[in-house]
Amino acid sequence: MDFNKLFQLIVAASLINNFVFTRFLGLCIFFGVSKKMETSVGMSITFTAVMVISAALSWVVFTFLMRENGLYPGYPDLTFLKIIVFIGIIAAFVQSADTIMKKVSPALYYKLGIYLALITTNCIILAVPLINAGEGYTFLESMAFGVGSGLGFALALVIMASIREKLELADIPAPFKGLPISFIVAGLIALAFTGFSGLITL
Amino acid sequence: MAHTHKSNWELIKNGMFSENTIFRMAISLCPSIAVTNSLKNGFFMGVSVIFVQTMVNLTVSLIRNFINPKIRIPIFMMVIAGYVSLIDMSMAAFARPIYKQIGLYIQLIVAFASIFARAEVFAVKNKIIPSVADGLGMGIGFFLAMIIISFFRELLGKGALWGFPIVSGNPLLIMILPAGGFFAVGLLMGFFNWVDAKLAERKAAQETTEKLAA
């Protein structure tokens with residue numbers, strides 16, 4: 001097990017190629033949820049969990065059922081179906097997680113359940129399996145990438161939420177109130193994150 | 001929304017201006033910053049979205065009488081994913097250099113809320129031609145937003161447009177970095193809000209003068 005590579009992947013996914021600030025994924029959710037610290041924390045936990053599990057599921061399906069010579073030598077190359085299959089896996093997983101959580105722990109469901117509905121076909125959840133498939137990571141590397149992406153997203157949400165809570169009370173010119181000023185704030189944070197590039201040459 | 005009473009041309013204009021995906025409704029934002037670092041990328045992304053949006057609206061409208069409402073969400077996802085896969089593979093085959101830069105974002109068109117929302121809200125309840133018009137309008141609105149954002153970003157960030165150098169001297173490098181993307185969209189959104197506010201002011205002033213005159 002190449003621990004160094006796994007650690008580098010986590011750092012790369014969370015800081016250097018941060019999903020929100022460098023890759024611009026998950027922006028709709030990002031701007032929608034980061035208004036309050038409470039919702040941000042809940043959302044990040046749900047996200048990381050869904051990301052990691054769906055990355056694992058998609059990896060298994062991709063490697064064994066879609067790649068050439070997956071199940072047996074001579075297995076056809078079905079990778080062109082990856083978009084459809086990944087979306088299917090994620091939607092099915094989120095739906096089942098929703099149902100299971102409702103039955104198994106209603107308290108947790110009422111706390112986090114609403115976020116599950118929001119993230120079903122979010123670009124950031126879909127991006128993790130797609131990047132894993134594109135880069136050809138092993139199982140552990142995919143998991144590490146998923147964990148790193150979740151952490152990066154959580155970091156982005158928490159930073160943004162703490163700023164936005166203060167922004168509510170600031171004196172902003174009328175055309176910029178709401179979304180435009182959030183974009184500019186995000187731009188400033190993205191500028192800071194540019195400082196991470198080159199931290200690890202991956 | 002009484003879309004059934006609007007003419008097709010009005011539907012197209014609706015998608016381009018009053019319900020423009022990026023600037024008015026602020027959904028499907030992810031690619032708007034990622035691919036607008038050059039006019040070429042923004043152009044191809046916009047064209048892809050026009051294709052997918054129009055074809056999805058067309059297909060959903062064609063099969064709208066055969067869809068069981070309970071399973072409509074997976075069906076929409078399959079239709080959208082199918083067309084996105086189509087354009088993803090075409091681009092990979094015929095436009096390899098562009099695909100290397102925006103490939104991931106083309107694949108993520110499948111997660112666009114706007115395409116899904118139009119299918120759900122419009123295409124499933126309307127006939128074929130209005131649905132195509134609506135899809136075209138929304139797609140062209142997205143395309144215009146891409147062009148506007150990438151125009152500014154590339155001009156300021158590289159002093160070039162579509163790879164052709166236009167302005168000499170040191171460009172503002174930040175504009176083509178991720179941070180610049182956020183700034184560009186935020187400033188443009190603020191600008192559009194300001195324009196909107198001014199137009200509303202002028203309209204209100206006009207109406208009060210008309211009332212006073214009458």
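The shown structure was predicted, so the numbers you read here are calculated from the model rather than taken from an experiment.

> How should I be thinking about the interface of chain B and chain A in this particular structure?
Often, the extent of an interface is quoted as the loss of accessible area upon association of its parts. In this complex, chain B contributes 33 residues to the contact, which on the side of chain A involves 33 residues. Looking at the side of chain B that touches chain A, the elements with two or more residues in it are helix 3 (30-34), helix 5 (72-94), helix 6 (96-107) and helix 9 (178-213) of chain B. The dominant element in the side of chain B that touches chain A, judged by the number of residues it contributes, is helix 9 of chain B, at 12 residues. Residues that form the side of chain B that touches chain A fall into these classes: 25 nonpolar, 7 polar and 1 charged.

> Mind showing me how you'd approach the nonpolar core here?
Note that soluble globular proteins tend to have their nonpolar side chains buried in a common cluster. Counting residues in hydrophobic clusters, the biggest one holds 104 residues, and the most contacted among them are A:L126, A:A127, B:I80 and B:V110. No other element matches helix 8 (residues 128-158) of chain B, which puts 10 residues into this core. Each residue touching B:I80, except ones within four places of it in the same chain, is listed here: B:V52, B:V56, B:V110, B:I115 and B:F116.

> Could you clarify how one ought to interpret the environment of A:R67 in this entry?
All names here are of chain A. Mapped onto the elements of the fold, R67 is located in the loop between helix 3 (37-66) and helix 4 (82-104). Since 18 C-beta atoms lie within 10 Å of it, R67 is described here as partly exposed. Between the C-alpha atoms of R67 and T79, which are 12 residues apart in sequence, the distance is 6.0 Å. With residues up to four places along the chain from it excluded, the contact list for R67 reads F62 and T79.

> I keep staring at helix 4 (residues 39-62) of chain B and nothing clicks. Help me out?
Structural remark: α-helix, 3.6 residues per turn; residues separated by three or four positions point the same way. The terminal C-alpha atoms of helix 4 of chain B lie 34 Å apart, and with 24 residues this matches the ideal 34 Å at 1.5 Å per residue to within 8%. For helix 4 of chain B, the tally of buried residues reaches 17 of 24 residues, placing the bulk of the element in the interior.

> What is the right way to read the confidence of the model for chain B from this model?
Note: predicted coordinates in regions of low pLDDT should not be interpreted at a detailed level. Chain-level statistics for chain B give a pLDDT mean of 80 and a share of 86% at 70 or above. Mean pLDDT across the elements of chain B bottoms out in helix 2 (residues 21-25) of chain B (54) and peaks in helix 4 of chain B (89).

Criteria and cut-off values
- Residues numbered from 1 in each chain as written.
- Chains lettered and ligands numbered in written order.
- Predicted model: local features only at pLDDT ≥ 70, side-chain atom pairs only at ≥ 80, totals over all residues.
- Contact = placed C-beta atoms within 7 Å.
- Helix = DSSP H or I, 4+ residues; strand = E, 2+ residues; numbered from the N terminus.
- Nonpolar A, V, L, I, M, F, W, Y, C, P; charged D, E, K, R; others polar.
- Core = buried A, V, L, I, M, F, W, Y, C linked by C-beta atoms within 7 Å.
- Buried ≥ 20, exposed ≤ 12 C-beta atoms within 10 Å, placed from the backbone.
- Expected span 1.5 Å × (residues − 1).
- pLDDT = per-residue confidence, 0-100.

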